[in-house]
Amino acid sequence: MEPDMGTAFVVVFTAMFLYFLSGARIREFVIIGLVGLVGAAALIKVEPYRMERLTAFHQFDPHKLEDTSYHVKQVLIAVGSGGVTGVGFGNSVQKYAYVPENTTDSIFAIFAEEAGFAGSAVLLSLFFVQLTLGFLIAARAPDKFSQLLAAGIITFLGTQTLINIASQLVLMPLTGVPLPFISYGGSSLVINFVAIGVLLSIARSEYVVHHVKAKKGERKSRFRIRK
């Protein structure tokens, strides 16, 4: 209703993933998936700019100069201009009146221009480590609620990361989703930090539970030996 289809997809995908982890049946996912595809197609159809973005992605040609693909072309120029080592932080050319939303939705393209392939690889590695640790915390959480909460948090952050970077590399149609912890925006940053704080709290609780269990097991073993 806002409208913001990108954020809606993040919320829906996170909810569906949690539903799957809760033990949903494959048949239910097929039905929901079909309904979701029909709904997404309707939402794209009713808004002309969404259809233009989809058409620009489907018929993308870097040699043509249609207005609908301007954003995509400028993003690719920014990413390609970075080369291996980048042009240096603060030396981007594309962020000056070329790439729209260069501090929010398109921040990865500017980062790739300034830091190059090497810097982008480091950033992607950090996101991968974050996802891996998040799912490890979820897998080792002490109870079902904590497992689902941790999985939901890391899925919420990971989906945003995937959509943002994929759209900047023209692997999917361009959509307005921020890159967690990188894109400018106070409210987004606060929510992401709160989410990570909850995730760390779950990790701490699992450590306490395992530590207490280990202590109890040690006491039992000593009691048996003495007995």
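A closer look at a nonpolar patch on the surface
A surface patch of nonpolar side chains, about 590 Å² in accessible area, is lined by Phe20, Leu21, Ile26, Val30, Leu34 and Leu37. Looking at the nonpolar patch, the elements that each hand over two or more residues are α1 (5-21) and α2 (26-46). If one sorts the elements of the nonpolar patch by residue count, α2 sits on top with four residues.

Here we look at the environment of glycine 36
For glycine 36, the location among the structural elements is in helix α2. The spacing of glycine 36 and phenylalanine 9 is 27 residues in sequence and 10.0 Å in space, taken between C-alpha atoms.

Looking at the side chain of threonine 14
Mapped onto the fold, threonine 14 is located in helix α1. Of the residues examined, threonine 14 reaches a relative accessible area of 10% and is grouped as buried. Apart from residues lying up to four places away in sequence, threonine 14 is in contact with Gly152, Thr155, Phe156 and Thr159.

Quick word on the packing of helix α5 (residues 107-139) against helix α6 (residues 144-168)
It is at 10 Å that the axes of α5 and α6 come closest, and there the two elements cross at 160 degrees. Relative to α6, the element α5 lies roughly antiparallel. As α5 packs across α6, the resulting crossing turns out to be left-handed. Along the contact surface, α5 presents Phe108, Ala109, Leu124, Phe127, Gln130, Leu131, Gly134, Phe135, Ile137, Ala138 and Ala139, while α6 presents Gln147, Ala150, Ala151, Ile154, Thr155, Gly158, Thr161, Asn164, Ile165 and Gln168. In terms of residue class, the contact of α5 with α6 is made up of 13 nonpolar, eight polar and no charged.

Calculation notes
- Residue numbers run consecutively from 1 along every chain, following the written order of its sequence.
- With pLDDT at 70 or above as the cut-off, local features in this predicted model cover only qualifying residues; side-chain atom pairs require 80 or more to be listed or tallied, and sums for whole chains, interfaces and linings still use all residues.
- Hydrogens and water molecules were not included; the side-chain quantities draw on all heavy atoms of the structure.
- Residues enter patches when they are more than 30% accessible in relative terms and free of salt bridges; like-charged ones are connected within 9 Å and nonpolar ones (Val, Leu, Ile, Met, Phe, Trp, Tyr) within 5 Å.
- For accessible areas, the Shrake-Rupley method is used with a probe of radius 1.4 Å. Any residue's cover is judged against the shown protein chains and nothing else.
- The salt bridge definition used is simple: a Lys or Arg side-chain nitrogen within 4 Å of an Asp or Glu carboxyl oxygen.
- Helix and strand assignments come from DSSP, with helices taken as H or I runs of at least 4 residues and strands as E runs of at least 2, each series counted from the N terminus.
- The cut-offs for exposure are 20% and 50% of the maximum accessible area for each residue type, with area from a 1.4 Å probe on protein chains only; residues under the lower value are buried, those over the upper are exposed, and the others partly exposed.
- Only heavy atoms matter for contacts: two residues are in contact if any of them lie within 4.5 Å across the pair.
- Note on definitions: angles span 0 to 180 degrees between N-to-C directions of axes, and those axes are lines fitted to C-alpha atoms, for helices only across the stretch in contact.
- Should an angle fall under 35 degrees it is taken as roughly parallel, and over 145 as roughly antiparallel, whereas 65 to 115 is taken as roughly perpendicular and any remaining angle as oblique.
- Note on convention: the crossing is left-handed when the near helix lies turned anticlockwise from the far helix by less than a right angle, right-handed when the turn is clockwise.
- Three categories are distinguished: nonpolar for Ala, Val, Leu, Ile, Met, Phe, Trp, Tyr, Cys and Pro, charged for Asp, Glu, Lys and Arg, and polar for the others, with Gly belonging to the last.

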